[in-house]
Structures are given as structure tokens and as C-alpha cells.
Amino acid sequence: MQVIRRRFLQGLAAVSLVAVLATGPTLAAGPDDWAGIKEDAKGQTVYFHAWGGEPRINAYIDWVAGELKEQYGVTLEHVKVDDTANVVARVLAEKTAGKTSGGAVDLVWINGENFAAMKREGLLQAGAWAERLPNWALVDVEGKPTVRRDFGVPTDGLESPWGMAKLVFMHDSARLAEAPASLQALAEFAKANPGRFTYPQPPNFHGSTFLKQALATLIDDPARLQQPVDPARFDADTAKLFAWLDALHPHLWRSGRAFPASAAALRQLLADGEIDIAFSFNPGDASAAIAAGELPDTVRSFVLEGGTIGNTHFVAIPFNSSASAGAKVVANFLLSPEAQARKEDPAVWGDPTVLDVAALPDADRARFAAIDRGAAGLGPEALGPTLPEPHPSWMDALEAAWAKRYGVQ
């Protein structure tokens, strides 16, 4: 009986060995095996942590989710966040706890200081995966160099570009026929029209961007902004900025003693007729707001002479994502001409594309040519030069100095 049992076990072991040799262990597809990645992605649920404060953007992500489910069998769950820094902290906490797989975040909408922090702390999936996506070949690397440098920090393929942003101002032409064309002209307008201009309170992103725009215009050597802040030179580098703000603040809305909380609140002040000038980091925002009935159809967009701050925003995969293959399929779809053209339409979102539209096939170029940019939209030539974002270290330093100087908490 023992002999029979031993022979049975030996036979079972042999069969098992043959089965393993025949099928091999279950392995994830390699980074360049796109067919394998798509197969691995089927049935996965991707938890996409992305800002949820704009209904138009939320609606666009809902559309993306529907397309991914239908085309790739991937479920996309939009986890709405109000501060990406909290997402970074969560991934960092998981790493600190030794959670190297099964993380809560599969994909995150990110750029700037948060990307720099995740890269520095080793929180991102390695392997230059972003530049191995099939649709990376469509990205305008030459014309839009910020797709490879995020606030001056090389992306190294650790995040995939999703859209372009540029500081654009807007005014209601029914009340203000001619908009100021420079930072100095803006200050003169505010002095001549007390209470008709303001900006969001830093550290709100748009408020801090306004500070960076002014600093980039006023600093003696703009090249310093591409390097980390030198504490020994900070006061000298920002002296002209704070002198300009000191002169501006008494003429602001509510005499500079209160500030709107966000760009949306700033836009609402323009819609309510309380101020004459607002701004956005989206060149299509004014047209989109007009289309949505949020602004009067007399609002027009403009930029300042010498250029305005611009950058690229991205999606990134944390090192311990639970659905890495699905996240790559999402990132690749977000780069598709179909998704990029829909996103650029002001009636949908109005977020400019990262693709080289001129190099696309005729059918895909036609998608972009058909976009109605509205009366408030600015074409590529009218947007003027793009000023690069300062190194991320400038953001914290400016926000701290602003809060200390003006005592607004």
C-alpha cells in the first residue's frame, strides 16, 4: 500500500512539474509588451486620485471611465481629492509602513512640487514607463518641452503628460473695453479703479501662480528661478516683487484685507460684477464658463506682454499600485487624439493638448480643427510666449514670505 501511495505521489509530482513547465509561472507583462499589458489590465479597477473641484473636469473623467470600460475592460474609479499633497502623504505613509504592493492609489493627477516630492522620496513606479506608452510617440516633445521637465525637474518617464496650462487673464469687455497689457499697467488700473481687481489667497494654487508671474516679470535675473531658492539671496531676489505688491494691495478688492479662496471664487466675483479682471490657468476657461452660463458672453481673454507662466500637468503611478497595467492603459488612453481633442473642446473642459497636432494623421487633425473655441478663446499665436515655472522650492518660500508679510491666514 505504501509503495502504491509513493508511486501515486511521484506521479502527481511529475504531472505538476510538466504542468508548470508547460504553462510557466504567472508573470506580469514586460514594460514593452503592450499587448500583454492590455491583457493584464482587463478586469482591473484603477483608483484615480484626481482633483474633484470642477464639475466639467469630473464629467470628462466620467466619460473617460465609460470609454475605458467599453474599449479595454478597465474600471476607472475617480477618487476626488482637494489637495494632492494628501495623496503624496498617503503613499509615503504606505512606504514607511513597508506596504510595497496593494497600495490604495493606482494613478494620481500631479505636477510641480508634489511630483518633485514623490520623485525625491522614491514613491513613483520606475522604468520610464510613460515614454514606453504607444501614444507617447504623438506627444509634442520639441514644441512643448515642459512635457519632460515638470517645474524644472526632469520627469525621466516617471509621469505621463495629460494637458497644458497657461496663465490667462479675462475681463468683461462690457465694463472694461481695453485690458491692461503689462504688470505695470495692471497696477495702474488697480490704482485708478480701487476694489476692481484681486487675486486668490496664497497658498491657493492660482494665488501662488500670480505671485510667480509677478516675480518672473520683476526679478533681475529670471534664470535664478530655475534653480532652488538660495536663502541668502531670497530677500534680494524678491525685493521688487514685494515692493510691487505693497503698492498694489491698498487698491485691491476689500482693500487687500481679504482675498477670494480660489480661482472659481475669483471668476464668480467677475460674473457678479464686483471686479473687472480675473484669471485662470486654462486658456479655454473663459469660453467654457460662457458656454456653461457662468460668465456673460462679453468676457474676453488676454495675456500680458512678455509672456505668462505655463506648465504641463501629468498622471503618475505610485510604486505600490494595485493595478499597474490598468493605470498604464488609462494613461495611454488619456494621450489618445480622441481623448485629447475632447478635453481641448471648451464645451467639455477646454484643456490644451500635449500632442503635436500638426504631425497627426488627417482624421485626427480634423478632430482639433473642428473645435469651436468660442469668442473668448485665444489661438496659439495669441497666447504669446510661455514663461517656465520656477523650481518647486520657490513656491513654499514665496507662500511663507507672503503670509508673514501680509498676516493673512
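Residues numbered from 1 in each chain as written. Predicted model: local features only at pLDDT ≥ 70, side-chain atom pairs only at ≥ 80, totals over all residues. Heavy atoms only, no water.

Of the regular secondary structure elements, the chain holds 14 helices and eleven strands. Dimensions of the chain, computed from C-alpha atoms along their principal axes, come out at roughly 105 × 50 × 35 Å. By sequence separation, contacts in the chain at least 24 residues apart represent 81% of the contacts at least 6 residues apart. Working note: accessible area of the chain is about 18500 Å², and carbon and sulfur atoms make up 54% of it. (Helix = DSSP H or I, 4+ residues; strand = E, 2+ residues; numbered from the N terminus. Contact = heavy atoms within 4.5 Å. Areas by Shrake-Rupley, 256 points an atom, 1.4 Å probe, with all protein chains shown as cover.)

Quick look at the sheet that holds strand β9 (residues 299-302) now. The three strands are arranged β8-β7-β9 in an open sheet whose pairing can be described as antiparallel. Edge positions in the sheet fall to β8 (277-280) and β9, since each of these pairs with one other strand and no more. Averaged over neighbouring strand pairs, the angle between their axes works out to 30 degrees when direction is ignored. As paired elements, strand β7 (residues 168-172) and β8 share four bridges and run antiparallel to each other. The residue bridging H171 from the neighbouring strand is I277, located in β8. Strands in contact with helix α9 (residues 263-271) are β7, β8 and β9; relative to β8, the strand with the most contacts, it is inclined by about 150 degrees. (Pairing = 2+ DSSP bridges. Axes fitted to C-alpha atoms, helices over the stretch in contact; angles between N-to-C directions.)

Time to look at the packing of aromatic side chains. In this structure the tally under the stated criterion is 20 aromatic pairs. Seen in terms of ring centroids, W109 and W162 are 4.8 Å apart; in terms of plane orientation they differ by 75 degrees. Their pairing is edge-to-face. Taken together, the positions of W109 in strand β3 (residues 107-110) and W162 in strand β6 (residues 159-166) put the pair 53 residues apart, joining distant regions of the chain. Residue class for W109 comes out buried when judged on its relative accessible area of 12%. Here the aromatic cluster, defined as three or more aromatic residues joined through ring pairs, consists of F169, F197, Y199, F210, F242, W244, F259, F279, F302, W402 and Y406. Taking the ring centre of W349 as reference, the NZ or CZ of K343 above it sits at 5.5 Å. (Phe/Tyr/Trp six-rings, centres within 6.5 Å; stacked < 30°, edge-to-face > 60°. Buried < 20%, exposed > 50% of the residue type's maximum accessible area, 1.4 Å probe, protein only. Lys NZ or Arg CZ within 6 Å of the ring centre and 35° of its normal.)

The next thing to look at is the pattern of salt bridges. If you walk through the whole model with that rule in mind, you get 23 salt bridges. Notably, a salt bridge pairs E294 with R56, separated by 3.1 Å at the nearest N-O pair. Here R56 lies in helix α3 (residues 55-72) and E294 lies in the loop between α10 (285-291) and β9, a separation of 238 residues in the sequence. The class of E294 is partly exposed, set by a relative accessible area of 33%. Notably, a salt bridge pairs E389 with K212, separated by 2.7 Å at the nearest N-O pair. Of this pair, E389 sits in the loop between β11 (386-388) and α14 (393-406) while K212 sits in helix α7 (residues 205-218); the two residues are 177 residues apart in sequence, bridging distant segments of the chain. (Salt bridge = Lys/Arg side-chain N within 4 Å of Asp/Glu carboxyl O.)

It is worth spelling out α3 at this point. At 3.6 residues per turn, the α-helix brings residues three or four places apart onto the same side. For α3, built from 18 residues, the straight-helix expectation of 26 Å at 1.5 Å per residue is met to within 8% by its first-to-last C-alpha distance of 25 Å. Buried residues of α3: R56, I57, N58, Y60, I61, W63, V64, A65, E67 and L68, and no others. (Expected span 1.5 Å × (residues − 1).)

Right, let's get into the environment of D246. Relative to the elements of secondary structure, D246 occurs in helix α8 (residues 234-248). Between the C-alpha atoms of D246 and F259, which are 13 residues apart in sequence, the distance is 15 Å. Separated by 2.8 Å, the side chains of D246 and Y406 make a polar contact. (Polar contact = N/O pair within 3.5 Å; in protein donor to acceptor, adjacent residues only side chain to side chain.)

With that settled, the discussion passes to the nonpolar core. With 51 residues, the main nonpolar core has F169, Y199 and L245 as its most contacted residues. Element by element, the count of residues in this core is highest for α8, at six residues. Leave out the neighbours within four places in its chain, and F169 touches L186, F210, I277, A278, F279, R300, S301, F302, L304 and T308. W129, W162, L334 and L355 belong to the second largest nonpolar core, which has 45 residues in total. (Core = buried A, V, L, I, M, F, W, Y, C linked by side-chain atoms within 4.5 Å.)

Now for the side chain of K166. The residue K166 is located in strand β6 in this model. Buried charged residue K166 carries no salt bridge. Nearest counter-charge: E389, at 11 Å. Apart from residues no more than four positions distant in its own chain, K166 is found in contact with S280, F281, N282, P283, T308, I309, G310, L383, G384, P385 and T386. (Lys, Arg positive; Asp, Glu negative; His and termini not counted.)

If you add up the space inside the largest pocket, you get close to 1200 Å³. Forming the walls of the largest pocket are 38 residues, and the residues nearest its centre are W51, W109, N111, F205 and H206. In terms of residue count, α9 provides more of the lining of the largest pocket than any other element does, three residues in total. A per-class count over the lining of the largest pocket returns 17 nonpolar, twelve polar and nine charged. (1 Å grid on protein atoms, 1.4 Å probe; cavity = no way out; pocket = protein on both sides within 12 Å on 5 of 7 lines; lining within 4 Å. Points joined across faces, edges and corners; volume = space filled by probe spheres on them. Nonpolar A, V, L, I, M, F, W, Y, C, P; charged D, E, K, R; others polar.)

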